[in-house]
Amino acid sequence: MAGKWSIGILIAAAHGPVRFTELERAINGISRRMLTLNLRRLERDGPLVRTVHPTVPPKVEYSLTPMVRELHASLTGLAGRAERHRAAIAEARAAYDTTAEQRPDAD
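A brief structural summary. In this text, all values refer to a predicted model and were calculated from it rather than measured experimentally. (Residues numbered from 1 in each chain as written. Predicted model: local features only at pLDDT ≥ 70, side-chain atom pairs only at ≥ 80, totals over all residues. Heavy atoms only, no water.)

### Points about the pairing of strand β3 (residues 59-64)
Counting buried positions over the six residues of β3 gives five, a clear majority of the element. Where strand β1 (residues 18-19) lies against β3, two bridges are found, and the strand directions are antiparallel. Counterpart to Arg19 in the pairing with β3 is Glu61. Here strand β2 (residues 48-53) pairs with β3 via six bridges, running antiparallel. When the sheet's bridge partners are listed, Thr51 is paired in β3 with Glu61. (Buried < 20%, exposed > 50% of the residue type's maximum accessible area, 1.4 Å probe, protein only. Helix = DSSP H or I, 4+ residues; strand = E, 2+ residues; numbered from the N terminus. Pairing = 2+ DSSP bridges.)

Written out as C-alpha cells, the structure is:
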C-alpha cells in the first residue's frame, strides 16, 4: 500500500462500492492512467476488490476488503496528519533540496 496515491484511493473507496469516475473526482490531481495503474496494483495486492456487473455497458465498482476496512481509521488519521502538516513538509523539502544542491556528490 505504498505510493503517492494508494492511501487516498483506499480512503475514497471506504464508502464503497465506488465507481472509477467517483474515485477520479474524489482524488485531487490524479490522472486517469495513474488511477488505473494504482487500482490494478491494489486489486492485485488484496486491499481492493473489483466487481464487474454484467450490464451494457459493463458497470465496474471497487470495494475495500475486510483486511483494509480495519485499517480505515489509521489511514484516515495518517492522511489528516499529512494535511495538517502540509506547509511544514513543504518547508522541510525546500530546505533539504537547497542543502542537497550545495553538497558535493558522495559517489
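On we go from here.
### Quick word on the layout of surface pockets
Taken as a whole, the largest pocket spans an internal volume of roughly 710 Å³. Residue lining of the largest pocket: 16 residues in total, with Lys4, Ala79, Ala82, Glu83 and Arg86 positioned closest to the centre. Elements represented by at least two residues in the lining of the largest pocket include exactly α1 (6-12), α5 (72-84) and α6 (86-102). When grouped by side-chain class, the residues that make up the lining of the largest pocket number nine nonpolar, three polar and four charged. (1 Å grid on protein atoms, 1.4 Å probe; cavity = no way out; pocket = protein on both sides within 12 Å on 5 of 7 lines; lining within 4 Å. Points joined across faces, edges and corners; volume = space filled by probe spheres on them. Nonpolar A, V, L, I, M, F, W, Y, C, P; charged D, E, K, R; others polar.)

### Notes on the nonpolar core
Counting residues in each nonpolar core, the largest one holds 18 residues, and the members touching the most others are Ile9, Leu10, Leu23, Leu35, Leu39, Leu48 and Tyr62. Taken together, the elements giving at least two residues each to this core come down to α1, α2 (20-26), α3 (32-45) and β3. (Core = buried A, V, L, I, M, F, W, Y, C linked by side-chain atoms within 4.5 Å.)

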